[in-house]
Amino acid sequence: MTDMQTDLFEPTPNELDLPKVVVNLLPKDGSVTYFSKVFDPNNCSALLTSLRATLDWQQDQLFMFGKLITTKREVAWVGDAGCSYTYSSVKKFPQAWTPELLLIKQTAEALASYKFNSCLLNLYHDGDQGMGWHSDDEIELEQNAPIASVSFGGKRKFSFKHKFEKLGASVVLENGSVLLMHAPTQHFWQHSLTKTKRAVLPRINLTFRSIRLEQQ
Ligand SMILES: O=C(O)CCC(=O)C(=O)O
Ligand SMILES: [Mn+2]
């Protein structure tokens, strides 16, 4: 073999840094695809810091059992003009895209082959903060659009449970990863971000979504 041929079979120096793709995590009734290391881990903590600094973060307010609860988790709702969003009986009006968010959106769109018009960001300060079981199935959302979930910061367990059968699945969402949830996942499955006693770094999750503008 010549040197050139040998090179073809040598691992590239950064092979371990290439994105890892896991194809459909769900056994049926939906499709969830996980891509690790989409964003260079060396850039992710700077991205997290700057998302914290450049967006207007609010503690989330939810109606639960007839009471308005203020969560410790913070949220930011970003989108095109007119993309308001109501969940847990609270209506949110969008802040404008920042140049950095538009770049992250572009990456999510390339993976999903879909154009998103909005993004919900959640900031979890520690493992005591999580998100309970729910589906992203609000009336304003385009019914068959994918949802792209980007994670920066401490890795966290993300779980799925089927709404009508005893089935489950889970994945650890790592720093710099993207999870795609395709239709009809939200119709048949709920998901949650599990709280943990383990010490975890702060984390920002971005879910790129598609709001039906004709509904506004
Ligand atoms: O933080 C996460 O990974 C999940 C967030 C989520 O499910 C949501 O924003 O609807
Ligand atoms: Mn969700």
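Residue positions are given per chain, counting from 1 as you read along its sequence in written order. To label them, take the chains in the order written and letter them from A, then take the ligands in the order written and number them from 1. Whole-chain, interface and lining totals are the exception, using all residues; otherwise, since this is a predicted model, local features are given only for residues with pLDDT of at least 70 and side-chain atom pairs are given and counted only at 80 or more.

**Some words on helix H3 (residues 99-112)**
Move 1: When the terminal C-alpha atoms of H3 are compared, their 20 Å separation across 14 residues agrees well with the 20 Å that a helix rising 1.5 Å per residue should span.
Move 2: Partly exposed residues are those whose C-beta has more than 12 but fewer than 20 other C-beta atoms within 10 Å; with 20 or more the residue is buried, with 12 or fewer it is exposed, and the C-beta atoms are placed from the backbone. Runs of E in the DSSP output that reach at least two residues are strands. Runs of H or I that reach at least four are helices, and both are numbered from the N terminus. Three or more residues of H3 are buried, namely Leu 101, Ile 104, Lys 105, Ala 108, Leu 111 and Ala 112. The buried residues of H3 all sit within an arc of 120° when viewed along its axis, so they share a single face. Across H3 from its buried face, at more than 90 degrees, point the exposed residues Pro 99, Leu 102, Leu 103, Gln 106 and Ala 110.
Move 3: Throughout, a pair of residues is in contact if the C-beta atoms placed from their backbones lie within 7 Å. Buried residues along H3 sit against strand E2 (31-35), strand E4 (67-79), strand E7 (118-124), strand E9 (147-153), strand E12 (177-182) and strand E14 (203-209).
Move 4: Of the residues flanking the end of H3, it is Ser 113, one or two places downstream, whose phi is positive at about 50°. Working rule for helices: expected span equals 1.5 Å times residues minus one. Arc, as used here, means the arc of the directions from the helix axis to the C-beta atoms.

**Comments concerning the site of ligand 1**
Move 1: The local shell around ligand 1 consists of Leu 120, Asn 122, Met 131, Asp 136, Ser 149, Phe 158, Leu 173, His 191, Leu 193, Asn 205 and Thr 207.
Move 2: Those elements that provide at least two residues to the shell around ligand 1 are E7, strand E13 (189-193) and E14.
Move 3: Charged residues are taken to be Asp, Glu, Lys and Arg, nonpolar residues to be Ala, Val, Leu, Ile, Met, Phe, Trp, Tyr, Cys and Pro, and polar residues to be all remaining types, Gly included. When its residues are assigned to classes, the shell around ligand 1 shows five nonpolar, five polar and one charged. By convention here, the C-beta atom is placed from the backbone, and a residue is near a molecule or strand when that atom is within 6 Å of it.

**Examining the environment of Lys 91**
Move 1: Relative to the assigned elements, Lys 91 resides in strand E6 (residues 90-92).
Move 2: A count of 10 C-beta atoms within 10 Å places Lys 91 in the exposed class.
Move 3: When residues no more than four places from it in sequence are discounted, the contact partners of Lys 91 are Ser 84 and Thr 86.

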